[in-house]
Amino acid sequence: KVEELTGKKYHAGMIGAGYTYNTKIILDALGIKPNYFVGSLADAVAAIKDNRCIGYSRTGGGLCAIDATTMDIMTTTKMKILSFTEEQMKTALKARPGLFYGKEPAGCIKGFYKDHPEIISFVNGLSFYSQNNVSQEHGYQIMKAIVEHYEGIVAALPMSGKINPVNDTIKYGLQTAESVGLPLHAGVVQYLKEIGKDVPAILIPPEYKKL
């Protein structure tokens, strides 16, 4: 379990990487205190293979996929992806706003250990933030352009093809609003309502104006 990392030699990530920063803040918020192994990604791989390090944090390969580094380690070492609980997620997101959490359905990662259970982990969202003094009209036009020309984003970043820019804006927006009280931009609310979406009250900022 994640909490069993306390006192264990564990690689939080490469020095200076965003996910390294996130890992340390998340684990600290949960009261989990590993004995951090410091080194490059190659150092971590070598240390895991020869049992000097129990595991590492790594950006995944997308929904229902694992990255090449983990696949490399798996050629010699049995690996397990640690899952968080719903309560751990809520606690951690308060300490690290801007992240989201998602679920990997049981057995969906092909090539990984057979019949793995559901995995709950953190997600780096394809997210855009602004100050609330950006006009509602500008926010509306930005959201409209993203949704109506989303194929251009997918062409540049294929992994984003698994994201629904409308439904996931509401889904992950709710996570952010519930954890740190950050609503959607007024222009985003306007666009969502225009296309017939039901926008929860917690996502509507005070500056939103119904047109």
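Residues numbered from 1 in each chain as written. Predicted model: local features only at pLDDT ≥ 70, side-chain atom pairs only at ≥ 80, totals over all residues. Heavy atoms only, no water.

Re the overall build of the protein
Tallying secondary structure elements over the protein gives eight helices and five strands in all. Reading the protein from its N terminus to its C terminus gives the helix and strand order β-α-β-α-β-α-α-β-β-α-α-α-α. Seen along its three principal axes, the alpha-carbon backbone of the protein occupies a region of about 65 × 35 × 30 Å. Across the 211 residues that make up the protein, the buried fraction comes to 38%. Surface exposure of the protein reaches about 12200 Å², of which carbon and sulfur atoms provide 57%. Averaging the locations of the 23 positively and 20 negatively charged side chains of the protein gives two centres separated by 4 Å. (Helix = DSSP H or I, 4+ residues; strand = E, 2+ residues; numbered from the N terminus. Buried < 20%, exposed > 50% of the residue type's maximum accessible area, 1.4 Å probe, protein only. Areas by Shrake-Rupley, 256 points an atom, 1.4 Å probe, with all protein chains shown as cover. Lys, Arg positive; Asp, Glu negative; His and termini not counted. Charge placed at Lys NZ, Arg CZ, Asp CG, Glu CD.)

Re helix 1 (residues 18-29)
Helix length check: helix 1, at twelve residues, gives a terminal C-alpha distance of 17 Å against a target of 16 Å (1.5 Å per residue), a fit within 8%. Looking only at helix 1, the buried set comprises Tyr 19, Thr 20, Asn 22, Thr 23, Ile 26 and Leu 27. All buried residues of helix 1 fall inside an arc of 160 degrees around its axis, so they share one side. Where helix 1 is buried, its residues contact strand 1 (9-11), strand 2 (35-36), helix 4 (86-95) and strand 5 (119-123). Among the residues trailing helix 1, Gly 31 stands out with phi positive, at a value near 75 degrees. (Expected span 1.5 Å × (residues − 1). Arc of directions from axis to C-beta. Contact = heavy atoms within 4.5 Å.)

Here's the deal with the packing of helix 1 against helix 4
Helix-helix packing: each pair is described by the crossing angle between the helix axes and the interaxial distance. Interaxial distance between helix 1 and helix 4 falls to 8 Å at its minimum, and their mutual angle equals 120 degrees. The orientation of helix 1 with respect to helix 4, classified from their angle, is oblique. The interaxial crossing formed by helix 1 with helix 4 has right-handed handedness. In this structure, helix 1 contributes Ile 25, Ile 26 and Ala 29 to the contact, and helix 4 contributes Thr 91, Ala 92 and Ala 95. Among the residues making up the contact of helix 1 with helix 4, the classes are represented as five nonpolar, one polar and no charged. (Axes fitted to C-alpha atoms, helices over the stretch in contact; angles between N-to-C directions. Parallel < 35°, antiparallel > 145°, perpendicular 65-115°, else oblique. Left-handed = near helix turned anticlockwise from the far one by under 90°. Nonpolar A, V, L, I, M, F, W, Y, C, P; charged D, E, K, R; others polar.)

Details of the environment of Ala 44
Structurally, the position occupied by Ala 44 is in helix 2 (residues 41-49). The buried category is assigned to Ala 44, whose relative accessible area is 0%. For the pair Ala 44 and Leu 63, spaced 19 residues apart in sequence, the C-alpha separation works out to 24 Å.

Section: the environment of Asp 50
Positionally, Asp 50 belongs in the loop between helix 2 and strand 3 (55-56). Sequence-wise, Asp 50 and Thr 76 are 26 residues apart; in three dimensions their C-alpha atoms are separated by 9.5 Å. Of the polar contacts made by the side chain of Asp 50, one reaches the side chain of Arg 52; its length is 2.9 Å. (Polar contact = N/O pair within 3.5 Å; in protein donor to acceptor, adjacent residues only side chain to side chain.)

Thoughts on the sheet that holds strand 2
The strand order across the open sheet built from three strands is 2-1-3, with neighbouring strands paired in parallel fashion. Every interior strand has two partners, whereas the edge strands, strand 2 and strand 3, have only one. By the bridge criterion, two bridges tie strand 1 to strand 2 in an arrangement that is parallel. Directly across from Lys 9, in strand 2, lies its bridge partner Asn 35. (Pairing = 2+ DSSP bridges.)

Digging into unusual backbone geometry
Despite not being glycine, Asn 51 has its phi angle at roughly 70 degrees, a positive value. Residue position: Asn 51 is located in the loop between helix 2 and strand 3. On the basis of relative accessible area, Asn 51 is assigned to the exposed category, the value being 68%.

A word on the pattern of salt bridges
All told, the structure shown has seven salt bridges when counted by the stated rule. One salt bridge connects Lys 33 with Asp 28, and the closest N-O pair in it is separated by 3.1 Å. For Asp 28, a relative accessible area of 47% corresponds to the partly exposed category. (Salt bridge = Lys/Arg side-chain N within 4 Å of Asp/Glu carboxyl O.)

Quick look at the side chain of His 185
Mapped onto the elements of the fold, His 185 is located in the loop between helix 7 (167-180) and helix 8 (186-194). What makes His 185 buried here is its relative accessible area of 16%. Here the side chain of His 185 touches Val 134 through a polar contact of 2.8 Å, landing on its backbone oxygen. Not counting the four nearest positions on each side in its chain, His 185 is found in contact with Ser 130, Gln 131, Val 134, Ser 135, Gln 136, Gly 139 and Pro 205.

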